[in-house]
Amino acid sequence: MHTASEFAVPADPAAPAARSWLATADRVLGLIVEIPAAILVLAEVVVLFSGIVARYVFHAPLIWSDELASTLFLWLAMLGAVIALRRGEHMRMTALVARLGPKSRGFFDALGVVAGLGFLLLIAEPAFEWALEESFIVTPAMEISAAWRASAFPIGIGLMVIFSLIRLATRTSLAHAAMALVLVGAVIAGFWMIGPTLKTLGNYNLIIFFVGVVGTSVFAGVPIVFSFALATFGYLALTTRVPTMVMVGRMDEGMSHLILLAVPLFVFLGLLIEMAGMAKAMVRFLASLLGHVRGGLSYVLIGAMYLVSGISGSKAADMAAVAPALFPEMKARGAKPGDLVALLSATGAQTETIPPSIVLITIGSVTGVSIAALFTGGLVPGLVLAIGLCFVVARRYRNDDLSQVKRAPAAEIMKSFVIALPALALPFLIRAAVVEGVSTATEVSTIGIVYSLIVGLLVYRQFDWSRLGTILVDTAALSGAILIIIGAASAMAWGLTQSGFSRTLVEIMTHLPGGAIGFMAVSIVAFIVLGSVLEGIPAIVLFGPLLFPIAKLVGIHEVHYAMVVVLAMGLGLFAPPFGVGYYTACAIGKVNPDEGMRPIWAYMLALLIGLIVVAAVPWFSIGFLKA
């Protein structure tokens, strides 16, 4: 997983200085949003952990805990999306825009803001109507109006409109803002005028909106969520009789599934283990074990990413925890910055299936596949790809000069192992709690959070309370950016399904040459492309509900298929020049992306070979599943 802030287009340096009252309004409104969002993250942890304790310790389940968690969750998602918009952290594809000159980039930056603002203004009234409709519903457990929950949507949209206007006024030039407003307004008006004609085109509208509008918007640097949302809104409003209020309901249904509550909680856990010193302890142990061999610290990087990924669900959090602990020593031993960031990016792709992967949680949410089975099935495929990366490392560093590197004595290795043991135990604790049925995939994150708090305070004593507020807000922002994309992609997937596209897709995919092998090969290519263009979660939400039933129909186990498509998607996500995950790795490693372009391809080839092996041998994915 990544945030777009690391590769978003910077503000135009020629833009006029923000007016003091706008800057003040931005800061005040920012605090008004960030403080409740941080409190909501903590509240979700308390509510879910209380539910576990009540159920397993006191044998008195809290019947209202899931309902309260769901209500708070929608507020957290919307406020997080607001914070992400204010920070410019909504996911976007800027590989093409970044190659333009400063003036052109400034225009496309303004275009991204205006396109998002256009959708927010279009959806504002339907969101209010939807919340009004929900007010007539009374929740079964807490017996309160559903409006308490539903009002998060119109309020969140209203706040995003305000911050979009502030961003437009303070981060772009007047000329760029005016040009973007005129262009977006003209496109919307043009589509509205040809609406009657569009109604006669039938399913050709799928190409116009879900290929043309989405593709143009994504490559122009418009945030992915707004690219999806504009296309879906236009399709429903101009070519169907479906009320646009339905889109709001579908977004709500997609982004507020209780399983997805694991997203902010595992993001928080990932940031927490870095702050508590647990990630450093694991890295030091692996470094003492392997640091004396040729390419040893590269092996440590691969192993550390595998272990840390077993705690955090966020790839950005994983890389941010591991890279700063290893890169300085690796550079001191002569490693080139480009090699380091290439391997870091490759390990990001390699560990996509390691539980508790947010992508696996999303697959479970949108396809109904058992998350416990996905967590069990994800361990070995990640190990297969790790072996492939180790072969590349062994060849690349076979001539390293280690004359100045001393082998750690056994006593030092044992000492670092004892120190790292509480941290090393956490991935196994998380997996065991889910697989053995002690807690759900959502609840287990709170066990990890409480465990990390105790270990950080009592064992490592590196818990920095002054950073807690920042971590909570960062959690809300990243989670909001992820969840609102899931909502928009869910609405888009529903629109595709209602058009009859799913039936056509089933017909085509089930008649591919080669049967299951042909279907698997096409899926691999498709998800590599989708991963590089759309990022993983939107691709899974869009096509998971359509393709997983087909996989089952042609005889492919759904867990095996999940591992293959997730790894394929990760390969696209972390491969340059389009994979935004690669630029995230470069930002975390503070390396120019150009330096990693050449060395990364050997790692990508190893990952592709590993992916083909995983696809060809189902046992790697399903061999340890319970019958």
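Structural notes, computed from the coordinates. Since we're looking at a predicted model, the values are computed, not measured. (Residues numbered from 1 in each chain as written. Predicted model: local features only at pLDDT ≥ 70, side-chain atom pairs only at ≥ 80, totals over all residues. Heavy atoms only, no water.)

**Let's talk about the overall build of the protein**
Okay, step 1: Assigned secondary structure in the protein consists of 29 helices and zero strands.
Okay, step 2: Taking 25 Å as the expected radius of gyration for a compact globule of 627 residues, we find that the protein reaches 24 Å, a close match to that expectation.
Okay, step 3: Considered along the principal axes of its C-alpha atoms, the protein spans approximately 75 × 60 × 55 Å.
Okay, step 4: Of the contacts formed within the protein by residues at least 6 apart in sequence, a portion of 83% connects residues at least 24 apart.
Okay, step 5: Summing over all exposed atoms, the protein offers an accessible surface of approximately 24800 Å²; the carbon and sulfur share of this is 68%.
Okay, step 6: Side-chain charges in the protein split into 36 positive and 33 negative, and the spacing between the mean points of these groups amounts to 9 Å. (Helix = DSSP H or I, 4+ residues; strand = E, 2+ residues; numbered from the N terminus. Rg over C-alpha atoms; globule rule 2.2 N^0.38 Å. Contact = heavy atoms within 4.5 Å. Areas by Shrake-Rupley, 256 points an atom, 1.4 Å probe, with all protein chains shown as cover. Lys, Arg positive; Asp, Glu negative; His and termini not counted. Charge placed at Lys NZ, Arg CZ, Asp CG, Glu CD.)

**As for the packing of aromatic side chains**
Okay, step 1: Across all of its chains, the model carries 12 aromatic pairs by this definition.
Okay, step 2: Taken together, a centroid distance of 5.1 Å and an interplanar angle of 50 degrees make the contact between phenylalanine 210 and tyrosine 235 tilted. Of this pair, phenylalanine 210 sits in helix α8 (residues 204-219) while tyrosine 235 sits in helix α9 (residues 224-239), and the two are 25 residues apart along the sequence. Here the two residues phenylalanine 210 and tyrosine 235 agree in accessibility, since each one is buried.
Okay, step 3: In this structure an aromatic cluster arises from ring pairing among Phe191, Phe209, Phe210 and Tyr235.
Okay, step 4: A cation over a ring is seen here: arginine 396 above tyrosine 603, with NZ or CZ 4.7 Å from the ring centre. (Phe/Tyr/Trp six-rings, centres within 6.5 Å; stacked < 30°, edge-to-face > 60°. Buried < 20%, exposed > 50% of the residue type's maximum accessible area, 1.4 Å probe, protein only. Lys NZ or Arg CZ within 6 Å of the ring centre and 35° of its normal.)

**Here's the deal with the pattern of salt bridges**
Okay, step 1: Tallied over the full model, the rule gives eight salt bridges.
Okay, step 2: The shortest N-O distance in the salt bridge between arginine 86 and aspartate 26 comes to 3.2 Å. You can see arginine 86 sitting in helix α2 (residues 65-87) and its partner aspartate 26 sitting in helix α1 (residues 20-56), a full 60 residues away along the chain. Each member of the pair, arginine 86 as well as aspartate 26, carries the same accessibility label: buried.
Okay, step 3: For the salt bridge of arginine 87 with aspartate 474, the shortest nitrogen-to-oxygen distance reads 2.8 Å. Taken together, the residues arginine 87 in helix α2 and aspartate 474 in helix α21 (residues 468-498) connect sequence positions 387 residues apart. (Salt bridge = Lys/Arg side-chain N within 4 Å of Asp/Glu carboxyl O.)

**Things to note about the packing of helix α12 (residues 278-290) against helix α13 (residues 296-309)**
Okay, step 1: Close contact between α12 and α13 brings their axes to 9 Å; oriented N to C, the two are set at 145 degrees. The two elements α12 and α13 cross, and the hand of that crossing is right-handed. Here Ala279, Met282, Val283, Leu286, Ala287 and Leu290 of α12 come into contact with α13, specifically with Gly296, Leu297, Tyr299, Val300, Gly303, Ala304, Leu307 and Val308.
Okay, step 2: Here the contact of α12 with α13 is built from residues that sort into 12 nonpolar, two polar and no charged. (Axes fitted to C-alpha atoms, helices over the stretch in contact; angles between N-to-C directions. Left-handed = near helix turned anticlockwise from the far one by under 90°. Nonpolar A, V, L, I, M, F, W, Y, C, P; charged D, E, K, R; others polar.)

**Examining the nonpolar core**
Okay, step 1: One finds Phe119, Phe527 and Tyr561 to be the most contacted residues of the largest nonpolar core, which totals 213 residues.
Okay, step 2: When residues of this core are assigned to their parent elements, the largest contribution, 19 residues, is made by α21.
Okay, step 3: One finds Ala110, Val114, Leu168 and Ala180 within the second-largest nonpolar core, a separate group that totals 10 residues. (Core = buried A, V, L, I, M, F, W, Y, C linked by side-chain atoms within 4.5 Å.)

**Focus on helix α10 (residues 245-255)**
Okay, step 1: Every buried residue of α10 is listed here: Met247, Val248, Gly249, Met251, Asp252, Gly254 and Met255.
Okay, step 2: Buried positions along α10 lie against α2, α3 (102-134), α4 (147-150), α5 (152-171), α9 and α21.

**Topic: empty space enclosed by the protein**
Okay, step 1: Counted according to the given criterion, the structure contains three cavities of 30 Å³ or more.
Okay, step 2: Estimated volume of the second largest cavity: approximately 50 Å³.
Okay, step 3: Lining the second largest cavity, in full, are Met78, Phe119, Leu120, Ile123, Phe153, Ile157, Met160, Val225, Phe226, Met251 and Ile484.
Okay, step 4: Counting residues per element, the ones that place at least two in the lining of the second largest cavity are α3, α5 and α9.
Okay, step 5: Residue composition of the lining of the second largest cavity, by class: 11 nonpolar, no polar and no charged. (1 Å grid on protein atoms, 1.4 Å probe; cavity = no way out; pocket = protein on both sides within 12 Å on 5 of 7 lines; lining within 4 Å. Points joined across faces, edges and corners; volume = space filled by probe spheres on them.)

**Notes on the environment of methionine 255**
Okay, step 1: By the element assignment, methionine 255 lies in helix α10.
Okay, step 2: Judged by its relative accessible area of 1%, methionine 255 falls in the buried class.
Okay, step 3: Between the C-alpha atom of methionine 255 and that of leucine 74, which follows or precedes it by 181 residues, the distance is 7.8 Å.
Okay, step 4: The residues touching methionine 255, leaving out its near neighbours within four places in the chain, are Phe73, Leu74, Ala77, Met78, Phe153, Leu260, Leu483, Ile484, Ile486 and Gly487.

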